[in-house]
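# Observations on the model geometry
Chain by chain, the residues run as shown.
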Amino acid sequence: MLVATGLTKHFPVGGVGVRKVVHAVDGVDLELRRGSVLAVVGESGSGKSTVARLLAQLLPLTAGQVLLDGHDARVRGRKAFRRYVKRVQMIFQDPFGSLNPVHTVRYILTRSVRIHRGRLRGAELEAALTELLERVHLTPAERYVDSYPHELSGGQRQRVAIARALAADPEVLLADEPISMLDVSIRLGILNLLQDLRDRLGIAILYITHDIASARYFADRTTVLYAGRVMETGDSESVTQDPKHPYTRLLVASAPDPDDLGGTVGGLTAGEVRESGIGGEPPSLIDPPPGCRFHPRCPFAVDLCRREVPDLFDVGAGRTAACWAYSDRGDRPVIGQRTTGVRADEEAAP
Ligand SMILES: Nc1ncnc2c1ncn2[C@@H]1O[C@H](COP(=O)(O)OP(=O)(O)O)[C@@H](O)[C@H]1O
Ligand SMILES: [Mg+2]
């Protein structure tokens, strides 16, 4: 449905005469399929929101291309943008900030219905509002339709935001950390709702998250992002149960629910990750590390990793990993089991 190739965004930063750029997103490929959820997983600052904003046409691309149903999605002018937004809707992290507090649910949904479906009135409009609220399981609809956002819980607000998006009858939903600001107890309900929309309406969903455990639960496929680059892709079950890239292993091992994810994936328990010191910090994106961007934090990095950017190598079953360990280079690194903080190449040194 929505295909991105070589998605790249560099933000210029600095004052007059300073020519620096933030390499927020670099050469990312993504594919959103009808009736399917793709998770994009990564730490804060890895470029997830920038990817969503590029796909939503809220930012111009530095390089790359976005295709919607096979056609170049680049929009020029307000009319083309409206047509695009009708098909590709976005849901934001903060349901408190994304709903205007001075308007009722009725006003918020009516506005979206009229923008995307024309000037419905009276019984027809009322039926549309009821149907939207029922779709997001805010029933009976009349209990919610005249409420203000502050009278609703966080989960109910996010449901209203989703209903507002559905008023466009979109083919694609871009959900940027839609549950991360909600109470843990209601997160599952929102994910179940999105799953239901995927199944019943055949919507293609981009699910952005920093929580790889929720990607396993909710997404059909998962793409792992680090410092603006794709590290690993594959079906969510395999990526989370048998991660190939050292960064994915780190994410999985330090996930909040180690029991659920097997605990010692890649030979590392969550405790070992903390002790080994490979946790570390994401790199500066103004002057990103050469070679593999993960190499400064990677316990297995060798010279090759510091010099050359790895391709996304085929690691079987429709999976890929951007790690030289999966290449046939003679000077490739070897991913081993490890429990100490010593780097693989330091161990080998005399
Ligand atoms: N408008 C901007 N100008 C400069 N830098 C930006 C801008 N928006 C995002 N960035 C930078 O791009 C990088 C990726 O940001 P973002 O996409 O928000 O990451 P995430 O959503 O994964 O936390 C960060 O280093 C961020 O500071
Ligand atoms: Mg973000």
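The notes below deal with the structure included here. Just so you know, these numbers come straight off a predicted model, no measurement behind them.

## Focus: the packing of aromatic side chains
The tally for this structure, following the rule as stated, stands at five aromatic pairs. Aromatic pair Tyr226 and Tyr247: ring centres 4.6 Å apart, planes at 50 degrees, arrangement tilted. A residue pair is termed long-range when its members are at least 10 positions apart, and Tyr226 in strand 9 (residues 221–226) and Tyr247 in helix 10 (residues 246–253) qualify at 21 residues. Residue classification places Tyr247 among the buried positions, given a relative accessible area of 0%. Both rings, one in Phe313 and one in Trp324, keep their centres 5.5 Å apart while their planes meet at 50 degrees; by these two values the pair is tilted. With Phe313 in strand 11 (residues 313–314) and Trp324 in the loop between strand 12 (320–321) and helix 13 (344–348), the pair connects residues that are 11 residues apart, well separated along the chain. Members of the aromatic cluster, each reached through a chain of ring pairs, are Tyr226, Tyr247 and Phe294. Sitting over the ring of Trp324, Arg329 keeps its end group 5.2 Å from the ring centre.

## Some points on the environment of Arg121
Along the chain, Arg121 falls in the loop between helix 3 (105–117) and helix 4 (122–135). For Arg121, a relative accessible area of 53% puts it in the exposed group. As a C-alpha pair, Arg121 and Thr110 span 11 residues in sequence and 9.4 Å in three-dimensional space.

## Regarding the sheet that holds strand 2 (residues 20–32)
Taken in spatial order, the four strands line up as 2-1-4-5 in an open sheet, and their pairing is antiparallel. Lying at the two open borders of the sheet, with one neighbouring strand each, are strand 2 and strand 5 (71–72). Alignment of strand 4 (residues 63–68) against strand 5, held across two bridges, turns out to be antiparallel. If you follow Leu67 over to strand 5, its bridge partner there is Asp72. Packing of helix 1 (residues 48–55) onto the sheet brings it into contact with strand 1 (2–13), strand 2 and strand 4, and relative to strand 1 it is tilted by some 115 degrees.

Conventions and cut-offs
Residues numbered from 1 in each chain as written. Chains lettered and ligands numbered in written order. Predicted model: local features only at pLDDT ≥ 70, side-chain atom pairs only at ≥ 80, totals over all residues. Heavy atoms only, no water. Phe/Tyr/Trp six-rings, centres within 6.5 Å; stacked < 30°, edge-to-face > 60°. Helix = DSSP H or I, 4+ residues; strand = E, 2+ residues; numbered from the N terminus. Buried < 20%, exposed > 50% of the residue type's maximum accessible area, 1.4 Å probe, protein only. Lys NZ or Arg CZ within 6 Å of the ring centre and 35° of its normal. Pairing = 2+ DSSP bridges. Contact = heavy atoms within 4.5 Å. Axes fitted to C-alpha atoms, helices over the stretch in contact; angles between N-to-C directions.

Note that all results are geometric; they support no functional claim without further evidence.
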